[in-house]
Amino acid sequence: MRFTNPKHSLSTLDPSGESPVSLLPTTPEDMWHAHNLIAPSDLLRAHALRKVVTTSSTGSTTSDRVHTDLTIRVQSVFFDPAASSLHVSGTVCQENQYVSLGQHHTLDLELNRPFQLWKRSGWDSVALKMLEEAVAEDTGEAMCAVVMQEGLANICLITEFQTVVKQRVESNIPKKRAGGSASQGGMTSFYEKTLSTLLRTVDFSTPRPLLLASPGFVAQDFRGYMQSEGQKRTDKKLQRIAKDAVVVHSSTGYVHSLNEVLKSPEVQATMRDKRFTGETSLMDQLYDRLRKDDGRAWYGAKPVERAVKEGAVGRGGGVLLINNKFFRSLDIKTRKKFVALVDKVKEDGGEARVLSSDHESGQRLDALGGIAAILTYPIFDLDEDEVEESEGVEGGNEAAEEGAMII
């Protein structure tokens, strides 16, 4: 994604949000960034196709679809990662000859069509970070992963920010019998179908890492099939893809097995500098500490807020893990509260990671309520104090009532 005006940059951005930011999405990944940038109560202006009904003097009606530009106050945002399409719904806040104020409309943002965005509540630190990532020129390349088992293959693209299932391949494999010719023929047909789907859905014109993961020897055999097909077709590109492919073990051929795939030493070595392996590693650390119950890992809004307030998520290994859903809340006060939480952690020298629920690590965090923290020192009573305080307040109120009765 880039600014439509070459003179505009992050340094010229109006932090109050009163002036619009004009952006041009150019890749499918940009639509995901736009999904994160656009939040409820923002103003959005983009191209629209509107159905207009006109009534003649005789009472007959005709309908036409007209092209226009509309500005809406955002109410909801829907992102389809498989199609990389973004639909933004809201109410019209600038009327024109085709629509009046207050009418509902859904804008369909498209690649290579600019849009303008106003942040009426201002560009906070989290929104600025998202915009910085969106317009960064060096976005890195997506890694392709094929998670498979006999008769099933999930072809995925793992980017720095999300995991997208591009295609699911299914094939019936006959049961193994004496001789095994039918079963072997079924596997060959399955590999052929998987390879053709892989080459059709993923662009390998520029080199990108390819992971093949499966239980048993399915992934290893598929890599061998790719190599033999490359030699048979005298296809140097296919031979290179097969040669560079990394084969790792997974417990199943389903997408959730990507968690263990990203933890494998082979993938860690291949993708050492990628953000998503770092987030997976942090989630592993969090779960390990939760199992140890050593007081240095907490999850849930209240305990984490208390830990941040006490300065326990700061310099020396403190990490705040928070889902981006909190910054999409309809309640501006809620959004500002979690932005302040992120800012406090950074001020204290800690690390704040905003995870996406479109990625495996973000989905694991969702299971813990969407927010967790690794502390720099152990605290064992973050959830107990709250109960004691509430009991103390109730006790104090009862004492006060009794005192009033005595008086």
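Cut-offs and rules
Residues numbered from 1 in each chain as written. Predicted model: local features only at pLDDT ≥ 70, side-chain atom pairs only at ≥ 80, totals over all residues. Heavy atoms only, no water. Pairing = 2+ DSSP bridges. Helix = DSSP H or I, 4+ residues; strand = E, 2+ residues; numbered from the N terminus. Axes fitted to C-alpha atoms, helices over the stretch in contact; angles between N-to-C directions. Contact = heavy atoms within 4.5 Å. Buried < 20%, exposed > 50% of the residue type's maximum accessible area, 1.4 Å probe, protein only. Salt bridge = Lys/Arg side-chain N within 4 Å of Asp/Glu carboxyl O.

Chemist: Let's hear about the sheet that holds strand β15 (residues 351-355): which residues, and what values?
Modeler: By way of backbone hydrogen bonds, the strands of a sheet pair with one another, either parallel or antiparallel. With mixed pairing, the four strands of this open sheet are ordered in space as β13-β16-β14-β15. Both outer strands of the open sheet, β13 (297-299) and β15, are each paired with one neighbouring strand and no more. Strand-to-strand, the axes of this sheet are offset by a mean angle of 15°, without reference to chain direction. Note: strand β14 (residues 319-323) against β15, five bridges, orientation parallel. If you follow Ile322 over to β15, its bridge partner there is Val354. Lying over the sheet, helix α10 (residues 332-347) contacts β14, β15 and β16 (371-374), oriented at roughly 160° with respect to β14.

Chemist: Which residues make up the pairing of strand β12 (residues 246-249), and what values do they have?
Modeler: Only one face of β12 is covered, namely the face carrying Val246 and Val248; the face carrying Val247 and His249 is uncovered. The pairing of strand β11 (residues 210-214) with β12 spans four bridges and is parallel. Residue pairing in the sheet places Leu212 in a bridge with Val247 of β12.

Chemist: Before we move on, could you go through the pattern of salt bridges and cite the residues and values that matter?
Modeler: All told, the structure shown has 13 salt bridges when counted by the stated rule. Glu305 is paired through a salt bridge with Lys337; the nearest N and O atoms lie 3.5 Å apart. Of the two residues, Glu305 sits in helix α9 (residues 301-309) while Lys337 sits in helix α10, which places them 32 residues apart along the sequence. Overall, the relative accessible area of 39% leaves Lys337 in the partly exposed class.

That's the geometry; what it means functionally is another story.
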